[in-house]
Amino acid sequence: MGALDRLAELGLQLPPAPQPVASYVTAVRTGDLVFTSGQLPLVDGALGVTGLVGERDGDVSPATAKELARTAALNGLAVIDAALGGSGGLDAVVRVVKVTGFVASAPGFTGQPGVVNGTSDLLVDVFGEAGRHARSAVGVAELPLGSPVEVELVVEVA
Amino acid sequence: MGALDRLAELGLQLPPAPQPVASYVTAVRTGDLVFTSGQLPLVDGALGVTGLVGERDGDVSPATAKELARTAALNGLAVIDAALGGSGGLDAVVRVVKVTGFVASAPGFTGQPGVVNGTSDLLVDVFGEAGRHARSAVGVAELPLGSPVEVELVVEVA
Amino acid sequence: MGALDRLAELGLQLPPAPQPVASYVTAVRTGDLVFTSGQLPLVDGALGVTGLVGERDGDVSPATAKELARTAALNGLAVIDAALGGSGGLDAVVRVVKVTGFVASAPGFTGQPGVVNGTSDLLVDVFGEAGRHARSAVGVAELPLGSPVEVELVVEVA
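Chemist: Please give an account of the interface of chain B and chain A that cites residues and values.
Modeler: Every contact between the two is made by 25 residues of chain B and, on the other side, 24 residues of chain A. Among the elements of the structure, β3 (93-104), α3 (112-127) and β4 (134-140) of chain B are those that each provide at least two residues to the side of chain B that touches chain A. No other element matches β4(B), which puts seven residues into the side of chain B that touches chain A. Residues belonging to the side of chain B that touches chain A are distributed by class as follows: 10 nonpolar, eight polar and seven charged.

Have a look at this one:
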C-alpha cells in the first residue's frame, strides 16, 4: 500500500504544502535524498498554540506538543510530496532516514523524546517499517513564531 | 556567471577560510555533497559582536544578527571553496541543499527566520535559483564564544 | 589498522548499542552514508550525570561534559557497528563526515567547542585522518532525560 493510500486509511489527508516565507524552499532533492525545511505545526497557515513546552511551568503540555509534532510531520510529508511533483510524489519515498525534532522547552523539561514521538509514530503509521528513522530530539530556547515544536525530515526516494 | 564572478559583482570577496580550532575540519565532501562545520560570523578570526538576540531584552538586535548571518554564510562559502581545492572550487557548486541556522535567542525572541534570511538572501544573491535551499531556523540558548548566530550548509557539487 | 583494532589499542571496547526507546532506530544507512540518532552518554542504559553545563553556574563542569561527549561518541560507534551488521561492521567506515554536538548549557556558558572535542578527539583517535569531520557545536536549553550532551554522527561507508 502506498503512503497516500495509507494516509487515507488513517483518515488523514495531506494538507496544502506550507509556503516558505523567505528566500528558501520547503524541500530540496539531491540524488536520492530529500531534505525538508524545518516544519512548524501550521494549520491553514497559522499556529493554534504557541509557547514553551513543560510539565508544570510550560505554556504547552507534553501531550499537546506531541500532537503538534504529528501535525508538523504531516506538513513535512506535504512538502516532500510537492518537491516530488505533487499528486502522489510521496509514494516515491522508500525510507525515512532522519528526523530532527526541536522542542521549545521550559526550564527543567526533559521529555523531548515523548514529544517527538508524535512525529515518529506518524511516520511509522504511514510508511510501516520503512518509516523507522534515525532521530535526534533536542530542547531549544525559542522557535520561529513561538512554535512549541519544529521538525525536519530527510527521506530516501527511489 | 560563476559564483565567484557573482560575488565580485556584489562587491564581495571570499574571506580567508576560518580555521578549525580543534580536531575537526571546516568542510567535508562525501559523494556529491559538501557538509560545512557550523560557521560563526568571524571577521579576521574574531567576533565583533557577542550576546543573545532579541527585540528588546537581547544584547543584539535582529537587524544586526541578520548581518552576522550573512557574514557567517560568506565564511561558509569560503570553507566550501577551500574544501573543493580553493581558487574557484566554489564554482563546482550546483545547488545549495540545506541551511541550518542557530540563533542565540533572548527569552521571548521568536524572529529566527528573519535573522537567518541574512544567510538565505546571500546564497540566492550568489547562486540565483540554485541558491534556494531547505532551511531550519532555531533559537538556542548559547553559541560558541558567545556568537549570536551559527550557520551550517550542505551543498551539492557537480 | 581497522577501527575495532584501534579501539582495542586505546583500551576501549564498543558498548552494547543503546536501544531506541520509541518508534525510531539508532542508525540508518542510505547509499554510502549512515546517519545515527542523537546519542546520549548512557552507560548500561543510564545517565551517570544530568544537568546543565557551565563554568560556575552549571550543574556539570566542562571537563566532565567533555568526558560525556566521548562516551556518547562511543555509543555512536556502537550503533553504527550494529547498523552495518555488527561484529566489526564499523570497519566499513571510510570517513566521518559530520558531527553535531548539542550541549545543555547554563546561561552564559559559551565553551561548547571544548565539550564537543570529547567526541571529535575520540573519532580522530579511532579513525586517524579519516576521523576528521565537519562539526557544529550548539548550546541548547534542555536535553532528553536531563542529559548534559547529545551527539549525532554522519559517516561514509565503503
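Past the structure itself, the notes keep going.
Chemist: Now, about helix α2 (residues 62-83) of chain A: what can you tell me, with residues and values included?
Modeler: Given 3.6 residues per turn, any residue in an α-helix points the same way as the ones three and four places further on. Residue and element names in this part refer to chain A. With 22 residues, α2 extends 31 Å between its outermost C-alpha atoms, agreeing within 8% with the 32 Å of an ideal straight helix rising 1.5 Å per residue. Within α2, 18 of the 22 residues are buried, leaving the element largely enclosed by the surrounding structure. Just downstream of α2, Gly85 is the residue with a positive phi angle, here 105 degrees.

Chemist: I'd love a proper account of the nonpolar core, names of residues and values included.
Modeler: By size, the foremost hydrophobic cluster in this structure holds 147 residues, and its most contacted members are A:Val140, B:Val140 and C:Val140. Those residues in contact with B:Val140 that lie beyond four places of it in its chain are A:Val140, A:Ala141, B:Phe102, B:Val103, B:Ala104, B:Ser105, C:Val138, C:Gly139 and C:Val140.

Chemist: Go over the relation of the copies chain B and chain A with me, naming the residues and quoting the values.
Modeler: The transform that puts chain B on chain A rotates by 120 degrees and translates by 0.0 Å along the axis, for an RMSD of 0.0 Å. Taken together, the rotation angle and the small translation identify this as a three-fold axis. Comparing contact sets, just 8% of the residues at the interface of chain B also lie at the interface in chain A, consistent with a heterologous contact between different surfaces.

Chemist: Could you give an account of the pairing of strand β3 (residues 93-104) of chain C, naming the residues involved and the relevant values?
Modeler: Residue and element names in this part refer to chain C. Summarising burial for β3: 11 of the 12 residues are buried, a large majority. Inspection of the sheet shows β3 paired to strand β5 (residues 149-157) by nine bridges, in the antiparallel sense. Opposite Gly101, over in β5, you have Val151 as the bridge partner. Pairing of β3 with strand β4 (residues 134-140) involves seven bridges; the strand directions are parallel. What sits directly across from Ala104, in β4, is Val140.

Chemist: Please set out the relation of the copies chain C and chain A residue by residue, giving values where relevant.
Modeler: Its rotation angle being 120 degrees, the transformation that places chain C on chain A also includes 0.0 Å of axial translation and leaves an RMSD of 0.0 Å. When the interface residues of chain C are mapped onto chain A, a mere 8% of them are again interface residues, pointing to distinct binding faces.

Chemist: Describe the packing of helix α2 (residues 62-83) of chain C against helix α3 (residues 112-127) of chain C, listing the residues and the values that go with them.
Modeler: Residue and element names in this part refer to chain C. Relative to each other, α2 and α3 sit at 35 degrees, their axes nearing to 7 Å. α3 is crossed by α2, and the crossing has right-handed handedness. Facing Pro62, Ala65, Lys66, Glu67, Leu68, Ala69, Arg70, Ala72, Ala73 and Leu74 of α2, the residues of α3 in contact are Gly114, Val115, Val116, Asn117, Gly118, Thr119, Leu122 and Leu123. In terms of residue class, the contact of α2 with α3 is made up of 11 nonpolar, four polar and three charged.

Chemist: Could you give me a rundown of the interface of chain C and chain A, with the residues and numbers involved?
Modeler: On the side of chain A, 25 residues touch chain C, which itself brings 24 residues to the contact. Considering every element that reaches the side of chain C that touches chain A, the biggest residue donor is strand β1 (residues 27-30) of chain C, with three residues.

Chemist: Before we move on, can you summarise the sheet that holds β4(C) with the specific residues and values?
Modeler: Residue and element names in this part refer to chain C. The sheet built from five strands is open, its strands ordered β1-β2-β5-β3-β4 with mixed pairing. Of all the strands in the sheet, just β1 and β4 have a single pairing partner and so form its edges. Between one strand axis and the next, the sheet turns by 15 degrees as a mean value, whatever way the strands run. Sheet analysis places β1 next to strand β2 (residues 33-36), joined by four bridges and oriented antiparallel. Its bridge partner being in β2, Ala27 is matched across the sheet by Thr36. Strands β1, β2, β3 and β5 of the sheet are contacted by α2, whose axis makes an angle of about 40 degrees with β5. Of the strands in this sheet, β3, β4 and β5 touch α3, which is tilted by about 160 degrees from β3.

What counts as what
- Residues numbered from 1 in each chain as written.
- Chains lettered and ligands numbered in written order.
- Predicted model: local features only at pLDDT ≥ 70, side-chain atom pairs only at ≥ 80, totals over all residues.
- Contact = placed C-beta atoms within 7 Å.
- Helix = DSSP H or I, 4+ residues; strand = E, 2+ residues; numbered from the N terminus.
- Nonpolar A, V, L, I, M, F, W, Y, C, P; charged D, E, K, R; others polar.
- Expected span 1.5 Å × (residues − 1).
- Buried ≥ 20, exposed ≤ 12 C-beta atoms within 10 Å, placed from the backbone.
- Core = buried A, V, L, I, M, F, W, Y, C linked by C-beta atoms within 7 Å.
- Least-squares fit on C-alpha atoms with pLDDT ≥ 70 in both.
- Pairing = 2+ DSSP bridges.
- Axes fitted to C-alpha atoms, helices over the stretch in contact; angles between N-to-C directions.
- Left-handed = near helix turned anticlockwise from the far one by under 90°.

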